[in-house]
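For reference, the chains in residue letters:
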Amino acid sequence: DKTVRIWREGELLNSFEHSDDVLCICFSPDVQYIATGSRGKMLKVWHVDTGQRYISSQHRSPVTSIAFSNDSTRLFSGTQDGSIRVISLKRGSEAS
């Protein structure tokens, strides 16, 4: 149903929606964010506690892999066409 759900001990804490199949998911090391990538070429970053979307980034190809930096300040995304992006979580946009 294109929804990511976070559960703790049988209790639904939050859910995050995409318009297409979710292909990858990753929690930030500080557990403040969850990132999701979809077949619909979207990368989304959400605040775990509030459920609010923090970043949406359209890619040219399905997002197939994501990983946070150890300090939770950057997010790396890889797509089916082989491209990689680095997003600054402090700025909420692509890192230069």
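Values in this document were obtained by computation on a predicted structure and should not be read as measured data.

### Remarks on the overall build of the protein chain
Of the regular secondary structure elements, the protein chain holds 0 helices and 10 strands. Helices and strands appear in the protein chain in the N-to-C order β-β-β-β-β-β-β-β-β-β. For 96 residues, the compact-globule estimate of 2.2 N^0.38 gives 12 Å, and the C-alpha radius of gyration of the protein chain, at 13 Å, lies within 12% of that figure. Taking the principal axes of its C-alpha atoms as reference, the protein chain extends roughly 40 × 30 × 20 Å. Counting every position in the protein chain, which comprises 96 residues, the buried fraction comes to 43%.

### A few points about the pairing of strand β8 (residues 74–79)
With 5 bridges connecting them, strand β7 (residues 63–68) and β8 associate as antiparallel partners. Looking across to β8, one finds that F68 is bridged to L75. Linkage of β8 to strand β9 (residues 84–88), two consecutive antiparallel strands, is achieved through a turn of 4 residues, within which G82 is found at a positive phi near 95°.

### A few points about the pattern of salt bridges
In this structure the tally under the stated criterion is 1 salt bridge. A salt bridge links D21 to R39; its shortest N-O distance comes to 3.4 Å. Within this pair, whereas D21 is found in the loop between β2 (11–17) and β3 (22–27), its partner R39 is found in the loop between β4 (33–38) and β5 (42–47), the two being separated by 18 residues in sequence. You can call D21 partly exposed: its relative accessible area is 34%. The class of R39 is partly exposed, set by a relative accessible area of 42%.

### Details of the confidence of the model for the protein chain
The share of residues in the protein chain with pLDDT of 70 or more is 96%, and the mean pLDDT across the chain is 90. Mean pLDDT across the elements of the protein chain ranges from a minimum in strand β10 (residues 93–94), with 66, to a maximum in β7, with 97.

### Some points on the side chain of T73
With respect to the element layout, T73 can be found in the loop between β7 and β8. For T73, the side chain forms a polar contact with the side chain of D71, separated by 2.8 Å.

### Quick word on the packing of aromatic side chains
Summed over all chains, the structure comprises 2 aromatic pairs. Both rings, one in F16 and one in W46, keep their centres 5.0 Å apart while their planes meet at 45°; by these two values the pair is tilted. Separated by 30 residues along the polypeptide, F16 in strand β2 and W46 in strand β5 bring together distant segments of the chain. Residue classification places F16 among the buried residues on the basis of a relative accessible area of 1%.

### A look at the sheet that holds strand β6 (residues 53–58)
The strand order across the open sheet built from 4 strands is β3-β4-β5-β6, with neighbouring strands paired in antiparallel fashion. The open sheet has two edge strands, β3 and β6, and neither has a second partner. Adjacent strand axes in the sheet meet at a mean angle of 15° when their direction is disregarded. Looking at chain direction, β4 and β5 are connected through 5 bridges and run antiparallel. Paired with G37 across the strands is L43, a residue of β5.

The rules behind each value
- Residues numbered from 1 in each chain as written.
- Predicted model: local features only at pLDDT ≥ 70, side-chain atom pairs only at ≥ 80, totals over all residues.
- Heavy atoms only, no water.
- Helix = DSSP H or I, 4+ residues; strand = E, 2+ residues; numbered from the N terminus.
- Rg over C-alpha atoms; globule rule 2.2 N^0.38 Å.
- Buried < 20%, exposed > 50% of the residue type's maximum accessible area, 1.4 Å probe, protein only.
- Pairing = 2+ DSSP bridges.
- Salt bridge = Lys/Arg side-chain N within 4 Å of Asp/Glu carboxyl O.
- pLDDT = per-residue confidence, 0-100.
- Polar contact = N/O pair within 3.5 Å; in protein donor to acceptor, adjacent residues only side chain to side chain.
- Phe/Tyr/Trp six-rings, centres within 6.5 Å; stacked < 30°, edge-to-face > 60°.
- Axes fitted to C-alpha atoms, helices over the stretch in contact; angles between N-to-C directions.

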